[in-house]
Amino acid sequence: MRRFYYRHSRGVTEVVVGRGVNYSDYVERPVVVIEEGLRNPLPGAPALVLRGGESVKSLDVLTQVYQFLHDAEADRSTTLVAVGGGALLDLATFAAGTYMRGIPLVQVPTTLLAMVDAALGGKGAVDWGPVKNLVGVFHQPAAVLGDLEWVSSLPQRIYISAFAEVVKYGVALDGDFYEWLRRNVDPLLGRSEAELEEAVFRSLRLKAAVVEADEFEERGIRQVLNVGHTVGHALERVLGLLHGEAVSLGIVAELRLWAKLGYLAERYAEEVRALLAAFGLPTEVKAGREQVEAAKRLVRYDKKRRGDYIYVPVVVRPGRWFLERLRPGEVAEAVEYVLS
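Quick caveat, the model's predicted, so the values are computed rather than measured.

Participant: Give a description of the packing of helix 9 (residues 229-239) against helix 10 (residues 243-260) that names residues and reports values.
Facilitator: For any two helices packed against each other, one specifies the inter-axial angle together with the distance between the axes. Helix 10 packs onto helix 9 with a crossing angle of 135° between their chain directions and a minimal axis gap of 7 Å. Here helix 10 runs oblique to helix 9, going by the angle between their axes. Handedness of the helix 9/helix 10 crossing: right-handed. In this structure, helix 9 uses His 229, Thr 230, Val 231, Gly 232, His 233, Leu 235 and Glu 236 to contact helix 10, whose residues at the interface are His 243, Ala 246, Val 247, Leu 249, Gly 250, Ala 253 and Glu 254. Classifying every residue of the contact of helix 9 with helix 10 by side-chain character gives 6 nonpolar, 6 polar and 2 charged.

Shown next, in the form of structure tokens:
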């Protein structure tokens, strides 16, 4: 079992990665919001069972969570424990951050993608209409419990989709981690526990450092976590892809754009594409012209837009990046770079 801590406006978050977490050590007066079909790690605690997937991030479901908390007589000494994939964790973060103006939250991610992404960072949101994550809050968890036992039974497609986010951390933030990933594709695909724990732990350490430096996205530093997401979110919404699959396409599209604009050597764009492909992730996609235009429209109105510009993180080589402002139409054209 490995652990570390990161600091933020609410205090300190403990992050645990390993197998066989004793959940009761981390909560007092728990109430549980859990994805349908999963085992409650805190039997006896009041629990609300919800469906997983992006549809859970709605105002209607959020109201159900508020009603559950009210009926359970939750107060500011109650800990909301969220057990599930990334969408449910996003919803629970929003609920915990707004119920009684904030109650303690413990994240229990049950997919690899949720472990390396949604569980840490304190961003909670619900979708509105066609726009992903339009209504949201920042609310840091008291603990993130990355129990690798949950990963053992994941379907292979769900499992490998997470590596888009893992590769993102190496590409944008840590060249050494990027090279380590290139050397360890096979053991990671084989779910080797030592390599998997290392990948999750290093991913979370990298993300935590960014969150500590720019918790509320006020300094531009946290934008680096959006590498691949400007195009990726649009493709996810239009084509119904898994989040990790869409981010993989987004990374390829955006790196090709940076190479075209002269920021990144072509060989790095191709090397990253090959790494994503080695993990079994998509690097090109078939889409109809109407779908392509719909994705471009979503890119043009991405939430990172400020007036006439979108602020995007530009990778110049593995582990190095800067924040650039570009015309929305220029970024939207990157969608074309992953069409087969």
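Participant: So what's going on with the packing of aromatic side chains? Which residues, and what values?
Facilitator: Counting across every chain of the model gives 7 aromatic pairs. Relative to Phe 163, the ring of Tyr 159 has its centre 5.4 Å away and its plane inclined at 75°; by these criteria the two rings are edge-to-face. Residues Tyr 159 and Phe 163 agree in their burial class; the two are buried. Grouping aromatic residues by their ring pairs yields a cluster made of Tyr 159, Phe 163 and Phe 279. Here Arg 2 stacks its cationic end above the ring of Phe 201, 4.0 Å away from the centre of that ring. Cation over ring: Arg 305 sits above Tyr 301, and NZ or CZ is 5.1 Å from the ring centre.

Participant: Pulling in residues and values, what's your account of the sheet that holds strand 10 (residues 305-306)?
Facilitator: One key point about sheets: their strands pair by backbone hydrogen bonds, in either a parallel or an antiparallel sense. Strand order across the open sheet formed by 3 strands is 10-11-12, with antiparallel pairing between neighbours. A single partner strand is all that each edge strand has here, and the edge strands are strand 10 and strand 12 (320-326). In terms of strand pairing, strand 10 meets strand 11 (residues 309-317) through 2 bridges, oriented antiparallel. Across the sheet, the residue bridging to Arg 305 is Ile 310, located in strand 11.

Participant: Lay out the pattern of salt bridges in plain terms, naming residues and giving numbers.
Facilitator: Taken as a whole, this structure holds 21 salt bridges when the rule is applied. Between Arg 3 and Glu 14 there is a salt bridge, with its nearest N and O atoms 2.6 Å apart. In this pair, Arg 3 is assigned in strand 1 (residues 2-8) and Glu 14 in strand 2 (residues 11-18), connecting sequence segments 11 residues apart. Residue classification places Arg 3 among the partly exposed residues on the basis of a relative accessible area of 37%. A salt bridge links Asp 302 to Lys 304, with the nearest nitrogen and oxygen atoms 2.6 Å apart. On the basis of relative accessible area, Lys 304 is assigned to the buried category, the value being 4%.

Participant: Go over the nonpolar core with me, naming the residues and quoting the values.
Facilitator: Counting residues in hydrophobic clusters, the biggest one holds 118 residues, and the most contacted among them are Leu 50, Leu 69, Leu 80, Leu 112, Leu 120, Leu 145 and Val 200. Setting aside anything within four residues of it in sequence, one finds Leu 120 in contact with Phe 4, Tyr 6, Val 15, Val 144, Leu 204, Lys 207, Ala 208 and Val 211.

Participant: Help me get a handle on the sheet that holds strand 9 (residues 143-147), residues and values and all.
Facilitator: Read from one edge of the open sheet, 7 strands run 1-2-9-6-5-3-4, paired in mixed fashion. Because the sheet does not close on itself, it has two edges, and the strands there are strand 1 and strand 4 (47-50). Pairs of neighbouring strands in the sheet enclose a mean axial angle of 15°, with direction left out of account. Across 5 bridges, the pairing between strand 2 and strand 9 is parallel.

Rules used in this analysis
Residues numbered from 1 in each chain as written. Predicted model: local features only at pLDDT ≥ 70, side-chain atom pairs only at ≥ 80, totals over all residues. Heavy atoms only, no water. Axes fitted to C-alpha atoms, helices over the stretch in contact; angles between N-to-C directions. Helix = DSSP H or I, 4+ residues; strand = E, 2+ residues; numbered from the N terminus. Parallel < 35°, antiparallel > 145°, perpendicular 65-115°, else oblique. Left-handed = near helix turned anticlockwise from the far one by under 90°. Contact = heavy atoms within 4.5 Å. Nonpolar A, V, L, I, M, F, W, Y, C, P; charged D, E, K, R; others polar. Phe/Tyr/Trp six-rings, centres within 6.5 Å; stacked < 30°, edge-to-face > 60°. Buried < 20%, exposed > 50% of the residue type's maximum accessible area, 1.4 Å probe, protein only. Lys NZ or Arg CZ within 6 Å of the ring centre and 35° of its normal. Pairing = 2+ DSSP bridges. Salt bridge = Lys/Arg side-chain N within 4 Å of Asp/Glu carboxyl O. Core = buried A, V, L, I, M, F, W, Y, C linked by side-chain atoms within 4.5 Å.

As far as function goes, none of this settles anything; it's purely spatial.
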